[in-house]
Structure formats: structure tokens, C-alpha cells
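# Topology and contacts: notes
Here are the chains, one letter per residue:
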Amino acid sequence: MALTAIMFVSFTASAEPKKDKAEKKSEATTADGKKQTVKKGWNFAPFPSIGYNSDTGFQIGALCEIFDYGDGSTYPAYKHKFNVDLSWTTKDQVKLHFFYDSKYLIPKVRLTFAATYILAQMYPFMGFNGAAAPYFTDLASGKKQMNRVAMYNVRRNSMRIMADFQGNILPKFRWAAGISYWWYDIENVSVKKKGKPAYDIVANDYLQNQGIDYASLWQLYQGVGLIRPNEAAGGHHLELKAGLVYDSREHEADPTRGIWAELYAYGSPDILNGRGKDGYHYLKLAAHFRHYVPVWQDKITFAYHLAYQGKLAGNAPYYTLQNINTLYLRQIISDGLGSINTVRGVPYNSVIGDGYAWANFEMRFKIVSFRFIKQNFYLATNPFFDMGACVQQYRLDEMKALRTAHDAGDTTLSDAEMNLIYTGEKRKLHMSAGVGLKLAMNRNFILSAEVAVPLNTKVYTNTNLDVPVSELKMKNSYKPGVNIGLNYIF
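Further remarks concern the pairing of strand β22 (residues 445–454). By the criterion of burial, β22 is predominantly enclosed, with eight of the ten residues buried. Hairpin connection from strand β21 (residues 430–441) to β22: three residues lie between these consecutive antiparallel strands, with N442 at a positive phi of about 55°.

So, in C-alpha cells, the structure goes:
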């Protein structure tokens, strides 16, 4: 975090209009009565994109955030915001991202636009329905016995292009509408090293000796029909959304008071994949209630977020389940449950299903405010507690039917293969606790470092999976999740 901050302030530049020496600086008054210099014109923040995330590894690249404050009359709100991010991580993920947001480009309409391409060579696929799909630590990538095999990973190319619009109905009430395009290309892990495949698409001796004939859970799901042939490799989707927004925040990036609530439906007619009557058409509902309660002036704020996302009708393909829908991207990666967007500290993509409910609670303490290189800064910390659950299951009846048939001797699956699919574990509430550190410039550009510990994430510790389900052993995993990046998550 310290290295990132040093690089950030070294490269920050401002393009404010030149002032006469006798001209008095414009000032704004904060909630606690203190004066703060108003920013005007264009503000640039280019710097090396150096970060870390437990799920994707160390990140290196280039990042630039650009803000236009105009004549300063809207400060700390900007008139236009641009973000460009090009980065690579040590877990073989490449990200290309462009973001734009403005209330002024289109008269009386807010436009939020994002275009993102992500190539993830080791994208996690850990099964459906969270706890119902067991995770065996002995099969994790990197283990000696898992040489050339990636049981819980796939290679995924993805592209996301989003355009969301909002307009006023009444003061603080807005309509919202949007259109987005999603593309996914999924296959076996095939990272190459020195010209040779680093991973095989067939099970190695360690797996075969346990009765596992698949090199990945993704392959196993296809073999038993949990993933259909016409969705296995991904596809194209055009998604539409419409709904309402209530927003009384005094500032968007780091609010200290107010409510931000959203209720909208979104869905996709499967018209781009040529699947005909076998297409995956779906309609879902997203609901968010965020409340920012001032405890002491603008120095201490209690903030909480209650959220639901679930299916109303139709059937979504498996590769869209992890998408956490939003009208405004605060993070480049919008997947959940788990990782940096929903229940921090819970492993990335470890809880996926047709519907989710989650909540975030945090106290935000501003430690110190200061002015440096002609910019307004503050340092803050945010201890937090998160919880969430999969509340709508995805193809769980099929998972149960496979277990019933296996236990009756009516399948060719080995005990190990069946244990990978479903053990009978019921859904549960996932929880985590942690703390963050924030460095904010002009209340809009916010560097963030957070660490969270999962409180009830169960993992299986058996070295031999080819045993009856009654002999499987579980324990709590308290492995912390760390993220160094940008922004508050809500």
C-alpha cells in the first residue's frame, strides 16, 4: 500500500486554470465547518497499477484516472470522470478496462459507460451452490500431487460492454435503464510454459488412482450433465435493465450521510447464440439499500449495505451466475459471492447460484486530512463485517439425484467423483470480518487496502477422496483474503 501511494502522489498532475497571484483561492466548507480548497479544471492521476489480490495475485500495469471539475461549482462532485486500466497479474490474468461517467454529456441524463476485456488463464470454477459443492484442499492448484492438473480452474476469455442511463423523476428519485453486452469463451486450462502445455486435459496418476477420470471439476460437471453441451464453452448475451433509484448522498465516492437505494429488473433474451428453443432466456431482480449514518461530523460514519439478486423467470446459463449486476462499477471485476465485491475474504467464485442475499457493515474513521502537491487528501480506516448466502439454488435437484443414484449403485461414478460433485452439505450463511485502510485524493480517487478473514468457510481435508461420504473430514478455513486496489465497495 505504501509503495502504491508513493507512486500515486509522484505522478499526480493538475490542469487547473491559471490564477492571478492576487486572486483568492476558492474554498468549500466541510460538514465539520473546516475550509477546503475547491478543485477546478482537469485533474489527472496516472501511475503504475501495482496491487495485490489473494484471488488473482500481484498486479502490475498502468492506470490513469481523469476528473473534470469544470469551474469548481460542483466540487467535490466531478463533471466528467475517465478511468483507463491495463494490467497483468501473477496468476495469469490480463485486464483492459475503460470507464466513463458524467451527468453533463447528455442534458438531464447521467451516462455511465464501461468496456472491459479480461483473459483469466486460471479462472476459478468451484461448482454450484456454495457449501453443496465441496472444496478439497488436497486438489488445489500448486499442490505437488496436482502437477499439470487444475481441478478447480478453467481458462476464460470475457468481454463486457455496459451503458447505463439515469434521469430525474423527482428530487432524489431517478429512473434507470441500461443495455450491456457480455461474451464468454471457456475451455480447459492451457497455460503454456517454454512452448509446452503447463496443464493436461486428462487426469494425472494421482487422480486416476483415486478413481477420478477428469482433469477438472468443469470437465466432470460436463460428464454428468450438470453443464449442458450447448453452454459449456460460453456464449454471447445482450442484457437489458430498467428500474428506479433513490439517492440522497451528499457525495458519491465516500458518502458520510444519506441513502442510496436501487431496485431494477434485468434480463437477457438468448438471441445471439443460435440455440433456438434450447436457448437460455432469463429475467432477474436486483435490490440494493445502502445507508450512510454520520456518527460524528464527517469524521466517523456507520455505513451498511443490504442486497439481493435473484431469478424471477427463465434459466440462466451457468457462466453468467457469478455476475453481480450494478448500475455503477466500483471494481473492475464484478463477480461474486466472495472476493472483493460482496463477502470479502470468502474465496472468489466459491458461492454461485441463481440468487444471492448479502450484507456489509462498516465503520469509517477519517484519521487525518491534509493538503499535498496542491491536492486535498485524507487517510481513513474501515473495520467491517460481511455476510451472505446463496438463496436460490442452481440445478441442486440434479446434484441430489446423482447422489441418490450413486448411493443406490445406479451410476458409474466413483466415490471420489461423486464426492467432488455433492456431499449433502446444506446451504449456509458465509461470514467474514476485516479492516481496511484508505487514502483519498479530492474525495474521488481512493486507494484501498483491505484484509478479511472468513469465519465459517468449510473445506475438506481428505487426502483420499475415494471413500464413503460419511468418512469425509471438514474444518474451518481462516485463510485471510487481501486486496489492494481502489474505492470503497459501496
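What follows deals with unusual backbone geometry. What you tend to see is this: most non-glycine residues have negative phi, and most peptide bonds are trans. The omega torsion across Y75 and P76 is 10°, close enough to zero to call that bond cis. Structurally, the position occupied by P76 is in the loop between β6 (57–68) and β7 (80–89). Of note, the phi angle at R148 is positive, near 70°, even though the residue is not glycine. Here R148 is to be found in the loop between β9 (109–124) and β10 (153–170).

A few words now on the packing of aromatic side chains. Given two aromatic rings, one states the distance between the centres and the angle between the planes to describe the pair. A full pass over the atoms with the stated rule returns 29 aromatic pairs. Between F47 and F445, the aromatic rings sit 5.7 Å apart at their centres with planes inclined by 80°, giving edge-to-face as the arrangement. With F47 in strand β4 (residues 42–48) and F445 in strand β22, the pair connects residues that are 398 residues apart, well separated along the chain. On the basis of relative accessible area, F47 is assigned to the buried category, the value being 5%.

Time to look at the confidence of the model for the protein. Averaged over every residue, the pLDDT of the protein is 90; the share at 70 or more is 92%. Under a pLDDT of 50 for its full length, residues 1–12 has, in the predicted model, 32 contacts with residues more than four places off or in other chains. Confidence drops under pLDDT 50 across residues 19–24; counting only partners more than four residues distant or on other chains, this segment forms zero contacts.

What follows covers the environment of A233. Among the secondary structure elements, A233 is positioned in the loop between α3 (217–223) and β14 (234–247). The exposure class assigned to A233 is partly exposed, which follows from its relative accessible area of 44%. Separated by 44 residues in sequence, A233 and K277 place their C-alpha atoms 18 Å apart.

Next up on the list: helix α4 (residues 396–407). For α4, built from twelve residues, the straight-helix expectation of 16 Å at 1.5 Å per residue is met to within 8% by its first-to-last C-alpha distance of 17 Å. Among all positions of α4, only L396, M399, L402, R403 and H406 are buried. All buried residues of α4 project into a common sector of 120° when viewed along the axis, lining one side. The exposed residues of α4 that point more than 90 degrees off its buried face are D397 and T404. Tucked inside the fold, the buried residues of α4 contact α3 and α5 (415–421). Following α4 by one or two positions, G409 adopts a phi angle in the positive range, close to 80°.

In globular proteins that are soluble, nonpolar side chains generally tend to be buried together. Judged by nonpolar contacts, the single largest core of 61 residues is most densely connected at F125, F128, L139, M151, Y221, Y318 and L420. For this core, the secondary-structure elements that each account for two or more residues are β9, β11 (173–187), α3, β18 (355–372), α4 and α5. L420 has contacts with P134, F136, L139, M151, Y152, I212, L217, L220 and L465, leaving out every residue within four places of it along the chain. In this structure, A45, A114, M162 and M441 belong to the second largest nonpolar core, which totals 19 residues.

Looking at chain direction, β9 and β10 are connected through 14 bridges and run antiparallel. Following the sheet pairing, V109 is matched in β10 by G167. Where β10 lies against β11, 15 bridges are found, and the strand directions are antiparallel. In the strand pairing of β11, Q166 is matched with A176.

Definitions and cut-offs
For every chain, the first residue of the written sequence is number 1, and numbering continues from 1 onward in sequence order. A pLDDT threshold of at least 70 governs which residues receive local features in this predicted model, and a stricter bar of 80 or more applies before side-chain atom pairs are shown or counted, although totals over entire chains, interfaces and linings include all residues. Hydrogens and water are ignored here; the side-chain numbers use all heavy atoms of the structure. Only protein chains enter the accessibility calculation, which uses a 1.4 Å probe; a residue is then buried when its area is under 20% of its type maximum, exposed when over 50%, and partly exposed in between. To qualify as a helix, a DSSP run of H or I must reach at least 4 residues; to qualify as a strand, a run of E must reach at least 2; elements of each kind are numbered from the N terminus. For two strands to be treated as a pair, DSSP must find no fewer than two bridges joining them. Within 6.5 Å between ring centres, the rings of Phe, Tyr and Trp (the latter by its six-membered ring) count as paired, and their orientation is classed by plane angle as stacked under 30 degrees, edge-to-face over 60, tilted in between. The pLDDT score gives, residue by residue, the confidence of the prediction method on a 0 to 100 scale. Only heavy atoms matter for contacts: two residues are in contact if any of them lie within 4.5 Å across the pair. Residue count minus one, scaled by 1.5 Å, sets the expected span of a helix. In this description, one arc is meant: the one made by directions from the helix axis to the C-beta atoms. We define the nonpolar core as a collection of buried residues of types Ala, Val, Leu, Ile, Met, Phe, Trp, Tyr and Cys that are connected through side-chain atoms lying within 4.5 Å of one another.

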